[in-house]
Amino acid sequence: TRTVWMFPIISSLCLLSAYGLIKSSMNVYVEKVIMLFLGYTGTTQLALYIRALFMKAGLEKLDSPVPLLENIRFKFFTFRLSFLSLLSLLIAGFITLKYIYSGNWMFNNLLAISFSVYFVNQMIVSSFLNGVVYLVGMLMYDVVWVFFSDVMATVAQELALPIKLLFPLQQNSVNITFYVLGIGDIILPAIFISLMLRFDFLREVTSQKLSLANFDLLKSSLNFPQPYFMASLVSYGVGMLATVLTY
């Protein structure tokens, strides 16, 4: 629980650091440095998801090593790359470069979604109590930096980065008006919702006393009752709908 409470504090320190750099003489370099990091992270993560889609589409035959890149040896590791991985990396790199040079909202959204999925996979809450503490802490974080200061708004407006989803509302001859959804509003609830899915899975495993083989089959199929997951997912959807309708 103590570790979970630290997350809003660490997030606040990161937010204040970005705000301070924006307001300083270094603001010209801040966005470029962050974009360099996000560009690398976004490209690699997006490539993984594109490769997974190719595998789901039945293109496993393309997942064979590239002869020239099969065993590139570095000091500490051997680099191996398949045709499918190379193709996925090229597509992801193209999307990242198109975003950097055009700022197109569709490429922005692809990168933002890849970041969201990555962070949800990495940030696993282990118990319901930790989940509640986590949500309460982030609620306090939002209240302080959104309603009682201009810190969050300044960082979001000044940094043109793929850290938000953009939905075009209307367009004129000069510009496009967007509805903006920060990826934090996706990641934070999704971490708790994923906890509910794991809880539903654990309830089914415990009640059925499954063997290891059936355990893996159930886990991959997701064919089990999911009341807590569906309740939290529907609640999130209702909340987002209410937000959009009152925008």
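Being a predicted model, the structure only gives us computed values, none of them experimental.

**Student:** Help me out: how do you make sense of the overall build of the protein in this one?
**Tutor:** When helices and strands are counted, the protein shows nine helices and four strands. Taken from N to C terminus, the helices and strands of the protein fall in the order α-α-β-β-α-α-α-α-β-β-α-α-α. Across the 247 residues that make up the protein, the buried fraction comes to 32%. Across the protein, the fraction of contacts at a sequence separation of at least 24, relative to all contacts at a separation of at least 6, is 66%. By element, 69% of the accessible surface of the protein is carried by carbon and sulfur atoms, the whole surface being about 16,200 Å².

**Student:** Is there a simple way to think about the nonpolar core in this case?
**Tutor:** Inside soluble globular proteins, nonpolar side chains tend to come together where they are buried. Counting residues in each nonpolar core, the largest one holds 42 residues, and the members touching the most others are L15, L46, Y134, V155 and L159. For this core, the secondary structure elements donating two or more residues are α1 (2–23), α2 (27–56), α3 (83–102), α4 (105–122), α5 (128–147), α6 (151–158), β4 (176–182) and α7 (184–208). Not counting residues up to four positions away in its chain, the partners in contact with Y134 are V4, F7, M123, L188 and I191.

**Student:** Teacher, can you tell me more about a nonpolar patch on the surface here?
**Tutor:** A cluster of nonpolar side chains, namely W5, F128, V132, V136 and M140, defines an oily patch on the protein surface of about 460 Å² accessible area. The exposure class assigned to W5 is partly exposed, which follows from its relative accessible area of 37%.

**Student:** What's the story with the pattern of salt bridges in this structure? I'm lost.
**Tutor:** Pairing between side chains becomes possible if they bear opposite charge and their charged atoms approach one another. In total, this model carries one salt bridge according to the counting rule given. Across the pair R203 and D200 runs a salt bridge whose closest N-O atoms are separated by 3.8 Å. With R203 and D200 both in helix α7 and three residues apart, the pair spans about one turn of that helix. Judged by its relative accessible area of 37%, R203 falls in the partly exposed class.

**Student:** I would appreciate a short explanation of the packing of aromatic side chains in the present structure.
**Tutor:** In this description, an aromatic ring pair is defined by two values, namely the gap between the centres and the angle between the planes. Under the defined criterion, the tally for this structure stands at six aromatic pairs. When the ring of F7 is compared with that of Y134, the centres are 5.6 Å apart and the planes differ by 50 degrees; the resulting orientation is tilted. Here the residue F7 occupies a position in helix α1, and Y134 occupies one in helix α5, the gap between them amounting to 127 residues. Judged by its relative accessible area of 4%, Y134 falls in the buried class. Judged by centre distance (6.4 Å) and plane angle (90 degrees), the ring pair of F94 and F107 falls under edge-to-face. On the criterion of sequence distance, the pair formed by F94 in helix α3 and F107 in helix α4 is long-range, its members being 13 residues apart. When its relative accessible area of 18% is taken as the criterion, F107 is described as buried.

**Student:** It is not clear to me how the packing of α7 against helix α9 (residues 227–245) should be interpreted in this structure. Could you clarify?
**Tutor:** Helix packing for two helices is described by the angle between their axes and how far apart those axes are. One way to put it is that α7 packs onto α9 with a least axis distance of 7 Å and a crossing angle of 160 degrees. When the axes of α7 and α9 are compared, the pair comes out roughly antiparallel. For the element pair α7 and α9, the recorded crossing hand is right-handed. Judged by residue contacts, D185, I186, P189, I193, M196, L197, F199, D200 and R203 of α7 engage P227, Y228, F229, S232, L233 and Y236 from α9. Residue composition of the contact of α7 with α9, grouped by class: eleven nonpolar, one polar and three charged.

**Student:** Would you mind going over α5 with me for this structure?
**Tutor:** Count 3.6 residues to each turn of an α-helix, and residues three or four apart come out pointing the same way. Here α5 is 20 residues long and its end C-alpha atoms lie 28 Å apart, about the 28 Å a rise of 1.5 Å per residue gives. Listed as buried for α5 are N130, G131, V133, Y134, G137, M138, Y141 and W145. Along the axis of α5, the buried residues cluster in a sector spanning 165 degrees; they form a single face. Every exposed residue of α5 that faces more than 90 degrees away from the buried side is listed here: F128, L129, L139 and F147.

**Student:** Whenever I open this one, α9 confuses me. Can you help?
**Tutor:** Taking 1.5 Å per residue as the helical rise, α9 with its 19 residues ought to reach 27 Å, and the 27 Å between its terminal C-alpha atoms agrees with that figure. Every buried residue of α9 is listed here: F229, S232 and M240. Along the long axis of α9, the arc covered by the buried residues comes to 75 degrees, so they all point the same way. Away from its buried face by more than 90 degrees, α9 exposes V238, L241 and L245. Its buried side turned inward, α9 meets β4 and α7.

**Student:** How should the packing of α3 against α4 be read in this particular structure?
**Tutor:** One way to put it is that α3 packs onto α4 with a least axis distance of 9 Å and a crossing angle of 130 degrees. Our classification of the angle between α3 and α4 gives oblique. Every pair of crossing elements has a handedness; the one defined by α3 and α4 is left-handed. Along its contact with α3, which presents I95, T96, K98, Y99 and S102, the element α4 presents F107, N108, L110 and L111. When grouped by side-chain class, the residues that make up the contact of α3 with α4 number five nonpolar, three polar and one charged.

Basis of the calculations
- Residues numbered from 1 in each chain as written.
- Predicted model: local features only at pLDDT ≥ 70, side-chain atom pairs only at ≥ 80, totals over all residues.
- Heavy atoms only, no water.
- Helix = DSSP H or I, 4+ residues; strand = E, 2+ residues; numbered from the N terminus.
- Buried < 20%, exposed > 50% of the residue type's maximum accessible area, 1.4 Å probe, protein only.
- Contact = heavy atoms within 4.5 Å.
- Areas by Shrake-Rupley, 256 points an atom, 1.4 Å probe, with all protein chains shown as cover.
- Core = buried A, V, L, I, M, F, W, Y, C linked by side-chain atoms within 4.5 Å.
- Patch = residues over 30% accessible without salt bridge, like charges linked within 9 Å, V, L, I, M, F, W, Y side chains within 5 Å.
- Salt bridge = Lys/Arg side-chain N within 4 Å of Asp/Glu carboxyl O.
- Phe/Tyr/Trp six-rings, centres within 6.5 Å; stacked < 30°, edge-to-face > 60°.
- Axes fitted to C-alpha atoms, helices over the stretch in contact; angles between N-to-C directions.
- Parallel < 35°, antiparallel > 145°, perpendicular 65-115°, else oblique.
- Left-handed = near helix turned anticlockwise from the far one by under 90°.
- Nonpolar A, V, L, I, M, F, W, Y, C, P; charged D, E, K, R; others polar.
- Expected span 1.5 Å × (residues − 1).
- Arc of directions from axis to C-beta.

Function cannot be read off these values alone, since they describe shape.
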